[in-house]
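Summary of the model geometry
Each chain, written out:
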Amino acid sequence: MKLSLKLTKEQLDPYFLEWECISVQLADLHKQRNKAAAEIIQDGLTIYKKLLTHCRTALQDEGFEPLNGTERLSFIESSPSTYAAYRQLVELFVELKKIIARKRIEFKYLNES
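To start, this report covers the structure provided alongside it. (Residues numbered from 1 in each chain as written. Predicted model: local features only at pLDDT ≥ 70, side-chain atom pairs only at ≥ 80, totals over all residues. Heavy atoms only, no water.)

To continue, consider the packing of aromatic side chains. Following the criterion strictly, the structure yields 4 aromatic pairs and no others. Between the aromatic rings of tyrosine 48 and phenylalanine 93, the centroid separation amounts to 5.5 Å while the plane-to-plane angle is 75°, which identifies the pairing as edge-to-face. Pair noted here: tyrosine 48 is in helix α2 (residues 37-59) and phenylalanine 93 is in helix α4 (residues 83-112), with a separation of 45 residues, a long-range link. Considered together, tyrosine 48 and phenylalanine 93 belong to a single accessibility category, that of buried residues. Taken together, the ring pairs connect Phe16, Trp19, Tyr48 and Phe93 into an aromatic cluster. (Phe/Tyr/Trp six-rings, centres within 6.5 Å; stacked < 30°, edge-to-face > 60°. Helix = DSSP H or I, 4+ residues; strand = E, 2+ residues; numbered from the N terminus. Buried < 20%, exposed > 50% of the residue type's maximum accessible area, 1.4 Å probe, protein only.)

The following block contains the structure:
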């Protein structure tokens, strides 16, 4: 299977859709200053890690991640109940989506050549 076929919207959208649901929940919990956000953010972390693993496998690149991804992930894991951790996870998903889009474009141009 071509690498680009493993990064299709059909394969990756379920991760992002699941994250969107969790993100809405987390936003509401943080507005209410509810400490249950710490538990819900764990679900978001799980989805992020699965998505990152899928991308790394598809690209055959263990170093694939957003800028400072490892450090940011450590921060989120060390303080999951904070709003800052939630914002970092949001940004990791946004950046990962952009990187994946860029990779798709690269594959498209490589396949056309």
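Once that is clear, we can look at helix α3 (residues 69-78). Turning to α3, its buried residues number three or more, namely Gly69, Arg72, Leu73 and Ile76. One side of α3 holds all its buried residues, which, seen down the axis, span an arc of 100°. Exposed residues on α3 whose side chains face more than 90 degrees from its buried face are Glu71 and Ser78. Of the surrounding secondary structure, the elements contacted by the buried residues of α3 are α2 and α4. (Arc of directions from axis to C-beta. Contact = heavy atoms within 4.5 Å.)

Turning our attention to the state of the cysteines. Note on terminology: a disulfide is the covalent bond linking the sulfur atoms of two cysteines. Applying the stated criterion across every chain yields a total of 0 disulfides. Free of any disulfide, cysteine 21 has its nearest cysteine sulfur in cysteine 55, 19 Å distant. Exposure remark for cysteine 21: the relative accessible area of 54% places this residue in the exposed category. (Disulfide = S-S within 2.5 Å.)

The end-to-end C-alpha distance of α2, which contains 23 residues, comes to 32 Å, matching closely the 33 Å that a straight helix rising 1.5 Å per residue would cover. Note on α2: the residue one or two positions beyond its end, glutamine 60, has a positive phi of about 55°. (Expected span 1.5 Å × (residues − 1).)

Take the nonpolar core next. As a rule of thumb, soluble globular proteins bury nonpolar side chains together. If you look at the biggest cluster of nonpolar residues, it comprises 32 residues, and the most contacted ones within it are Leu26, Tyr48, Leu51, Phe64, Leu89 and Phe93. Secondary-structure elements contributing two or more residues to this core are α1 (9-31), α2, α3 and α4. Residue contributions to this core peak at 11 residues, all from α2. What leucine 51 contacts, discounting residues up to four positions off in sequence, is Leu12, Tyr15, Phe16, Phe93 and Leu96. (Core = buried A, V, L, I, M, F, W, Y, C linked by side-chain atoms within 4.5 Å.)

What follows concerns the packing of α3 against α4. Between α3 and α4, whose axes approach to 9 Å, the crossing angle comes to 145°. Relative to α4, the crossing made by α3 is left-handed. Facing α3, whose interface residues are Gly69, Arg72, Leu73, Phe75 and Ile76, α4 presents Ala84, Ala85, Gln88, Leu89, Glu91, Leu92 and Glu95. Considered class by class, the residues forming the contact of α3 with α4 number 7 nonpolar, 2 polar and 3 charged. (Axes fitted to C-alpha atoms, helices over the stretch in contact; angles between N-to-C directions. Left-handed = near helix turned anticlockwise from the far one by under 90°. Nonpolar A, V, L, I, M, F, W, Y, C, P; charged D, E, K, R; others polar.)

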